[in-house]
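Report on the structure
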Amino acid sequence: MISTEELILNSPYILREMFINLYGYYLSRKRFNKRFYQLLDNLMLNLQKTPGQIKSEQFEFLKDTLIQAYKNVPYYTEIFNQAGFNPFEFDDEKDIAKLPFLDKATIRKNFDKLQNPNYPSNELKLHTTSGSTGEKLKFYQPKDLTYTINAAFMYRFYALYEVKPKDRRVTIGGRRFTNKPPYWSYNRFENQLLLSSHHLNNKTGQDYIQKINEFKPVFIQGHPNSILYLANLINNNKAKLTVPVKVIFTTGETLIEENRTKIELAFKTGVFQQYGSGESCFSAQETPERIGYMLNYEHGYVEMVGDGEYKEVIATSFQNKAMPFIRYRVGDLVRPVSVEKQKKYPFPYLFDEVLGRTDDILFSENGDQILPVAIRMIVKPYLSDNTNYQITQITLHDFILKLIDYDKVINVISLLKKLKQVIGDTAQIEIQYVDTLLTDGGKIRNVINKIGK
């Protein structure tokens, strides 16, 4: 039986556009409603506050989060009591260190106890994220946070570059929306041109740039590697950009400085990175001063833990009252900015470099590049709790697919079939079952290229 997703992916262009715009209408109503504009106005006003006001407000957000968690969430009631921690007497943010860290294993083990039973179930949305270390995780968060609140934080960031809600934008990211050309779609309800990163090659890349020229976007958003691919075509004179782009925002993958330079050269504009957790515990972004990542202090509280140059990110969510994460180990390392810089600006600028996962670009049998996000979106539907993958390209035709799958729940035959549709029908893929994929740095690289191209 054909799934709804498969039906949409293989639909004729006109029918596909209808499906996408119906969904676009739904999302637009969820995101850009009256509450969104009220939130955005308030967030913009917060930019004018003094460091003292911001620090005081963030502490009150933190204290209220701890109190509400203690009163409403069984897991925290138990943990706080065990630690001898009284949130009502909390008066120094350093005292939060008395509480244990929360990690993915603990969340899985205590999934039900971490939920607020008093939160209306019809206002919840179940999410699944792989996380920066590749560990699959399920959790609940309010629908209001998923759509409206997160959008308001994002557009405050965009407003720093004079970008307004529903300005014309190009998005090239990981979501698969078609299996057939043309490999783009126009979401009229958000004034958004969607470009498929899954079909990005020299020919489609040139077509994409021509489509960008015709669309005349105010800004571009997407995965760094996808935008870099287009930038390389422009820089190598294989395509020509004829329209001005105000700014480019990247997210989802690590933005390497060398690649930022190439993108800025091609598009003749600045490139700025967003950073946050899929669990919506916190969010931060680069600003025009480029002194570091500006933390959205209303979104969450971030601790940086460790003795080395790079610190571990520990986050406490402010906006998720349904299933709050307190002292959550995000799985990334960051480099703190200097104390002088932290004191110079009103908003918290806690770090200036993020060590996230950096995956390689693979090559198909005919030499076309395959972005890591394309591989990730193919494999993700086959993964469940306690499973993961790593694919390594040895030659143009030889690959090793390592799987963590203790209970053998992954449908390997179907997965290999899907992979070969992208990397080539003649590809030889060796399956290896392993116990860990961690590198020496404690991260997981899911996509590795060893052919040196």
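Residues numbered from 1 in each chain as written. Predicted model: local features only at pLDDT ≥ 70, side-chain atom pairs only at ≥ 80, totals over all residues. Heavy atoms only, no water.

1. Considerations on unusual backbone geometry
For the peptide bond that leads from P181 to P182, omega is -5 degrees, which places it in the cis range. Mapped onto the secondary structure, P182 falls in the loop between strand 3 (169-173) and strand 4 (184-187). A positive phi angle is found at K268, which is not glycine, with a value near 55 degrees. The topology assignment puts K268 in the loop between helix 10 (257-267) and strand 8 (271-276). The residue R290 is not glycine, and still its phi comes out positive at about 55 degrees. Among the structural elements, R290 can be located in the loop between strand 9 (283-286) and strand 10 (293-295). Exposure remark for R290: the relative accessible area of 36% places this residue in the partly exposed category. (Helix = DSSP H or I, 4+ residues; strand = E, 2+ residues; numbered from the N terminus. Buried < 20%, exposed > 50% of the residue type's maximum accessible area, 1.4 Å probe, protein only.)

2. A few points about the sheet that holds strand 17 (residues 387-393)
Strand pairing in a sheet is mediated by backbone hydrogen bonds. Such pairs are either parallel or antiparallel. With mixed pairing, four strands are arranged side by side in an open sheet as 19-18-17-20. Each end of this open sheet is capped by a strand with a single partner; those strands are strand 19 (428-433) and strand 20 (447-449). For this sheet the average axis-to-axis angle between neighbouring strands, irrespective of direction, equals 20 degrees. Each of strand 17 and strand 20 touches helix 12 (residues 372-379); the most contacted strand, strand 17, lies at about 140 degrees to it. Contacting strand 17, strand 18 (398-405) and strand 19, helix 13 (residues 412-423) runs over the sheet at an angle of about 140 degrees to strand 19. (Pairing = 2+ DSSP bridges. Axes fitted to C-alpha atoms, helices over the stretch in contact; angles between N-to-C directions. Contact = heavy atoms within 4.5 Å.)

3. Considerations on the packing of helix 2 (residues 13-31) against helix 7 (residues 143-159)
The packing of two helices is summarised by the inter-axis angle and the distance between the axes. Where helix 2 meets helix 7, the closest approach of the two axes is 8 Å, and the angle between their N-to-C directions is 65 degrees. As summarised for this structure, helix 2 and helix 7 are arranged roughly perpendicular, according to the angle between their axes. The handedness of the crossing between helix 2 and helix 7 comes out as right-handed. Within the contact between the two elements, helix 2 uses Y26, L27, K30 and R31 and helix 7 uses Y147, T148 and A151. Of the residues contributing to the contact of helix 2 with helix 7, the split by class is four nonpolar, one polar and two charged. (Parallel < 35°, antiparallel > 145°, perpendicular 65-115°, else oblique. Left-handed = near helix turned anticlockwise from the far one by under 90°. Nonpolar A, V, L, I, M, F, W, Y, C, P; charged D, E, K, R; others polar.)

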